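Breakdown of the fold
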Amino acid sequence: MEKHKKESEFDNETFFEEYAKMARSVDGLEAAGEWHQLRPLFPALEGKTVLDLGCGYGWHCRYAAEQGAKAVLGIDLSEKMLESAAWRTRSAAVTYRLCGIEDYEYPENTWDCVISNLALHYIADLDTIFRKIYKTLKPGGTLLYATCTVLPEENEGVTGLDL
């Protein structure tokens, strides 16, 4: 795995152990609340190339491979997440790479589908990332993403948030 400069909260042993206990971590996509809205939005993936930004445990990478994607790349900033993803993955179509979303090179005209589930909200400069994603998608390609949004009224008494 290549070296990176940024740290991931998921590489904190205590944080990772607690996250690993969550239903979505144990039971996968079916236990993830957003999956039931996200799944019907996926394009047909048979023979396609798929990039998963912030792939975590690799659930979406494996789903893409199960749907017939010919090549899937999952990138993530967390070594622990990628180790777990690699351990869970049996498909030769899926590869994982230690890399931050901002640091990925986004080769032009490469991917049929780019997925990012609950990762883009960590990115400060989304405009730049969206431009890079547009560049790396093949003509007619699909960007499919979900983010986590925290609304001020849901956070009375919470400190440390830039609301």
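See the structure printed just above.
Here we summarise the structure given alongside this text. One numbering rule holds for all chains: residues counted from 1, following each sequence as written. Totals for whole chains, interfaces and linings use every residue, but because this is a predicted model, local features are given only for residues with pLDDT of at least 70 and side-chain atom pairs only at 80 or more, for both listing and counting. Side-chain measures were taken over the full set of non-hydrogen atoms in the model, leaving aside hydrogen atoms and water.

1. What to know about the overall build of the chain
In DSSP terms, a helix is any run of H or I states spanning at least four residues, a strand is any run of E spanning at least two, and both are numbered starting from the N terminus. Secondary structure summary: the chain contains 6 helices and 5 strands in total. Listed by position from the N terminus, the elements making up the chain come as α-α-α-β-α-β-α-β-β-α-β. Burial classes follow relative accessibility: with a 1.4 Å probe on protein chains only, a residue under 20% of its type's maximum area counts as buried, one over 50% as exposed, and anything between as partly exposed. A burial count over the chain gives 42% of its 163 residues as buried. Should any heavy atoms of two residues lie within 4.5 Å, those residues are counted as being in contact. For the chain, the proportion of contacts with a sequence separation of at least 24, taken over those separated by at least 6, is 60%. Values of accessible area rely on a 1.4 Å probe in the Shrake-Rupley scheme; residue burial ignores everything except the protein chains shown. Of the accessible surface of the chain, which amounts to about 9400 Å², a share of 51% is contributed by carbon and sulfur atoms.

2. Considerations on unusual backbone geometry
At N109, a residue that is not glycine, the phi angle is positive and equals roughly 60°. Structurally, N109 is set in the loop between β3 (94–98) and β4 (111–117). On the basis of relative accessible area, N109 is assigned to the partly exposed category, the value being 45%. For L118, which is not glycine, the phi torsion reads 55° and is therefore positive. Its place among the elements puts L118 in the loop between β4 and α6 (126–136).

3. A few points about the environment of L51
The residue L51 is located in strand β1 (residues 49–53) in this model. Along the primary structure L51 and Y106 are separated by 55 residues, whereas in three dimensions their C-alpha atoms are 9.7 Å apart. Leaving out residues up to four positions away in the same chain, L51 has contacts with L73, I75, Y104, W111, C113, V114 and I115.

4. Some words on the sheet that holds β1
Across a sheet, strands are paired by hydrogen bonds formed along the backbone, either parallel or antiparallel in direction. If DSSP finds at least two bridges between two strands, the strands pair. Taken in spatial order, the 5 strands line up as β3-β2-β1-β4-β5 in an open sheet, and their pairing is parallel. Single-partner strands in this sheet number two, and they are β3 and β5 (137–146). Taken pair by pair, the neighbouring strands of this sheet meet at an average axis angle of 15°, ignoring direction. The pairing of β4 with β5 spans 6 bridges and is classified as parallel. Counterpart to I115 in the pairing with β5 is L144. For helices, the fitted line uses only the C-alpha atoms of the stretch in contact; every axis is such a line through C-alpha atoms, and the angle between N-to-C directions lies from 0 to 180 degrees. In this fold α6 packs onto β1, β4 and β5, with an angle of close to 140° to the strand it touches most, β5.

5. Observations concerning the pattern of salt bridges
The salt bridge definition used is simple: a Lys or Arg side-chain nitrogen within 4 Å of an Asp or Glu carboxyl oxygen. In total, this model carries 2 salt bridges according to the counting rule given. Residue E105 is joined to R97 by a salt bridge in which the shortest nitrogen-to-oxygen separation is 2.7 Å. The class for E105 is partly exposed, based on a relative accessible area of 43%.

6. Details of the nonpolar core
One broad trend across soluble globular proteins is that nonpolar side chains are buried collectively. The biggest cluster of nonpolar side chains holds 20 residues, and the ones touching the most others in it are F42, L45, V50, V72 and Y96. Those elements that place two or more of their residues in this core are α3 (35–38), α4 (59–66), α5 (79–88), β3 and β4. In this view, Y96 contacts C55, G58, C61, R62, L73, G74, L82, A85, A86 and T89; residues no more than four positions away in its chain are not counted. To qualify as a nonpolar core, a set must consist of buried Ala, Val, Leu, Ile, Met, Phe, Trp, Tyr and Cys residues joined through side-chain atoms within 4.5 Å. Ranked by size, the runner-up nonpolar core spans 16 residues in total, among them I75, L120, I123 and L137.

7. As for the packing of aromatic side chains
We call Phe, Tyr and Trp rings a pair once their centres come within 6.5 Å, taking the six-membered ring for Trp, and we label the pair stacked below 30 degrees between planes, edge-to-face above 60, and tilted otherwise. In this structure the tally under the stated criterion is 6 aromatic pairs. Taking 4.9 Å as the distance between ring centres and 80° as the angle between the ring planes, the aromatic pair formed by W35 and Y63 counts as edge-to-face. Placement of W35 in helix α3 and of Y63 in helix α4 is noted, with a sequence separation of 28 residues between them. Aromatic rings pair up to connect W35, F42 and Y63 into one cluster.

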